[in-house]
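Listed below are the residues making up each chain.
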Amino acid sequence: MKFITAILTLAAVAVATPTGTNPPQCTPSTYSCAKNPSTHAEGWQVCDVNSKWVYAGDCPPKTICQFLEANGSPYCIPAEW
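Structure report, in brief. Treat the numbers as computed from the prediction; the structure is a model and nothing was measured.

## What to know about the state of the cysteines
Then, number 1: Under the definition given, this model contains three disulfides.
Then, number 2: The disulfide partner of Cys-33 is Cys-65, and the gap between their sulfur atoms is 2.1 Å. The sign of the S-S torsion, about -75 degrees, decides the handedness of the disulfide formed by Cys-33 and Cys-65: left-handed. Taken together, the residues span a long stretch of sequence, with Cys-33 in strand β1 (residues 31-35) and Cys-65 in strand β4 (residues 63-68) at a distance of 32 residues.
Then, number 3: Using a relative accessible area of 27% as the deciding quantity, one classes Cys-33 as partly exposed.
Then, number 4: Judged by relative accessible area, Cys-65 falls into the buried class, the value being 10%.
Then, number 5: The side chain of Cys-59 participates in a disulfide bridge whose partner is Cys-76; the two sulfur atoms lie 2.0 Å from each other. Disulfide Cys-59-Cys-76: the torsion about the S-S bond is -75 degrees, which places it as left-handed. With Cys-59 in the loop between β3 (53-58) and β4 and Cys-76 in strand β5 (residues 73-78), this pair connects stretches of sequence that are 17 residues apart.
Then, number 6: Of the residues examined, Cys-76 reaches a relative accessible area of 31% and is grouped as partly exposed.
Then, number 7: The connectivity of the disulfide-linked cysteines in the protein chain, indexed sequentially, is 1-3, 2-5, 4-6.

How each quantity is defined
- Residues numbered from 1 in each chain as written.
- Predicted model: local features only at pLDDT ≥ 70, side-chain atom pairs only at ≥ 80, totals over all residues.
- Heavy atoms only, no water.
- Disulfide = S-S within 2.5 Å.
- Helix = DSSP H or I, 4+ residues; strand = E, 2+ residues; numbered from the N terminus.
- Buried < 20%, exposed > 50% of the residue type's maximum accessible area, 1.4 Å probe, protein only.

The structure is reproduced here in structure tokens:
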């Protein structure tokens with residue numbers, strides 16, 4: 001009986017384990033500069049709880065995104081700066 005229980009438990013684990021999952025793209029709650037996928041405008045993205053990048057917003061006109069390593073944040077700054 002214990003043998004059958006062990007086999008059924010292993011089968012349940014095998015069925016529940018996802019196959020072909022992609023490795024994480026990022027660490028949740030981190031940011032980076034990015035291009036808007038629709039308009040290609042400068043902006044930033046955030047890593048969601050599923051470790052996937054999500055586009056978060058555009059920089060205002062005549063600005064670019066600059067990432068500051070010191071605090072891990074993207075900033076929109078004047079393009080001529």
